[in-house]
Amino acid sequence: MHFDDAHWARYHKAKKLAWDPQAIDLDQDHRDWAALNEEERDATIRACALFLGGEEAVASDLAPLLVALRRREGQDAACAFLASQIWEETKHAEFFRRWLAEIAGDVDLDAYTGPSHTELFDRVLPDRLDTVLTDASDEALVRAVTTYHLFVEGTLAETGYHGFYEIFERRGILPGLVEGIRLVQRDEARHVAFGIDMLREAFEQDGDLRDVLEVEAEMLFPLVVGVLGDYFAPYGGEQDPFGLTATELLMFASAQFGKRQAALERTAA
Ligand SMILES: [Fe+2]
Ligand SMILES: [Fe+2]
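The paragraphs below set out a description of the structure included in this document.

### Some remarks on the layout of surface pockets
The space that makes up the largest pocket amounts to roughly 200 Å³. Lining the largest pocket we find Ala49, Leu52, Gly53, Glu56, Ala57, Leu109, Asp110, Thr113, His117, Thr118, Phe121 and Asp122. Tallying contributions element by element places helix H3 (residues 38-61) first for the lining of the largest pocket, with five residues.

Right, here's the structure in full:
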């Protein structure tokens, strides 16, 4: 029952820490936006567009996991938590949509995503999540949680937040965007911790499932690197208009994935 307790605790925390994307003050963001040059604006829109696409995908792809767990015994706590997570992902998408609409104006968001982003969010993620509706195996569950919680949230999104802080928080600009990112990240910490617990529980019951994660990780890590590449590609691949380098973000992503692996290892004993 120790996993149940943790799921309920996160569910209660989600209620206490609820926030409203509409309530964030964007007045200073308007003024800061006016002072950015064209290339800086392009990179800011691109980063937000990649995030918005990701948040919309995770918001719409998570329900199958809740349904799959509902069909299993004793997953009330996990299902309650997932209900809170689906609501939060919907709000995250709302935040990025609002920020882009009010600050950047009318932009064609499809023009800002890239091939790896499309592969991950339009093909791999929905495939892994939809599969648990028709495949009740533990292997399918581990693949879904590995893709969603460990890689998309625990590795890719975390790397994205780091990039936002490096660019905007360091410069002291776009405080509304930075505040929203911080609130999104606070929610995501619960989501990732839930995913790690789901995997721990699966591995406690069947250690061979670790191999399923390993195989999945070999496919997913290059894809995460590819999504980061989608962001840098229009600026020559190495450095964005703010001076942030692809190498730095790549190193952060590797370290982040290493932390997630270490968290899983700690429970294996
Ligand atoms: Fe999210
Ligand atoms: Fe999330």
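Still to come is the rest of the account.
### Points about the coordination of the iron ion (ligand 2)
Distances from the iron ion (ligand 2) to its protein donors, Glu89 (OE), Glu153 (OE), Glu188 (OE), Glu188 (OE) and His191 (ND1), fall at 1.9 to 2.3 Å. The metal-metal distance between the iron ion (ligand 2) and the iron ion (ligand 1) is 3.4 Å, with Glu89 coordinating both. Pair noted here: Glu89 is in helix H5 (residues 76-104) and Glu153 is in helix H7 (residues 138-171), with a separation of 64 residues, a long-range link. Across this residue pair, the class does not change: Glu89 and Glu153 are buried.

### Quick notes on the coordination of the iron ion (ligand 1)
Donor atoms from the polypeptide that coordinate the iron ion (ligand 1) comprise Glu55 (OE), Glu55 (OE), Glu89 (OE), His92 (ND1) and Glu188 (OE), at 2.0 to 2.8 Å from the metal. In primary sequence terms, the donor set of the iron ion (ligand 1) follows E-x33-E-x2-H-x95-E.

### Concerning the environment of Ser116
Counting through the fold element by element, Ser116 comes out in helix H6 (residues 115-134). For the pair Ser116 and Gly226, spaced 110 residues apart in sequence, the C-alpha to C-alpha distance is 5.2 Å. Leave out the neighbours within four places in its chain, and Ser116 touches Leu223, Gly226, Val227 and Asp230.

### Some points on the nonpolar core
Counting residues in hydrophobic clusters, the biggest one holds 88 residues, and the most contacted among them are Trp99, Leu120, Phe164, Phe168 and Leu177. Of all the secondary structure elements, the ones that give two or more residues to this core are H3, helix H4 (63-70), H5, H6, H7, helix H8 (175-205), helix H9 (209-232) and helix H10 (246-266). Ranked by residue count, the leading element in this core is H7, at 16 residues. In this structure Leu177 touches Asp29, Thr44, Cys48, Phe95, Trp99, Phe164 and Phe168, once residues within four positions along its chain are discounted.

### Quick word on the packing of helix H1 (residues 2-16) against H5
Here H1 crosses H5 at 30°, and the two axes come no closer than 8 Å. Overall, the two elements H1 and H5 adopt an arrangement that is roughly parallel. The element H1 and its partner H5 pack so that their crossing is left-handed. Contact residues: Asp4, His7, Trp8, Arg10, Tyr11 and Ala14 in H1; Asp76, Ala77, Ala78, Ala80, Phe81, Ser84 and Glu88 in H5. Partitioning the contact of H1 with H5 into residue classes produces seven nonpolar, two polar and four charged.

Parameters at a glance
Residues numbered from 1 in each chain as written. Chains lettered and ligands numbered in written order. Predicted model: local features only at pLDDT ≥ 70, side-chain atom pairs only at ≥ 80, totals over all residues. Heavy atoms only, no water. 1 Å grid on protein atoms, 1.4 Å probe; cavity = no way out; pocket = protein on both sides within 12 Å on 5 of 7 lines; lining within 4 Å. Points joined across faces, edges and corners; volume = space filled by probe spheres on them. Helix = DSSP H or I, 4+ residues; strand = E, 2+ residues; numbered from the N terminus. Donors = N, O, S within 2.8 Å, 3.2 Å for Na, K, Ca; no water. Buried < 20%, exposed > 50% of the residue type's maximum accessible area, 1.4 Å probe, protein only. Contact = heavy atoms within 4.5 Å. Core = buried A, V, L, I, M, F, W, Y, C linked by side-chain atoms within 4.5 Å. Axes fitted to C-alpha atoms, helices over the stretch in contact; angles between N-to-C directions. Parallel < 35°, antiparallel > 145°, perpendicular 65-115°, else oblique. Left-handed = near helix turned anticlockwise from the far one by under 90°. Nonpolar A, V, L, I, M, F, W, Y, C, P; charged D, E, K, R; others polar.

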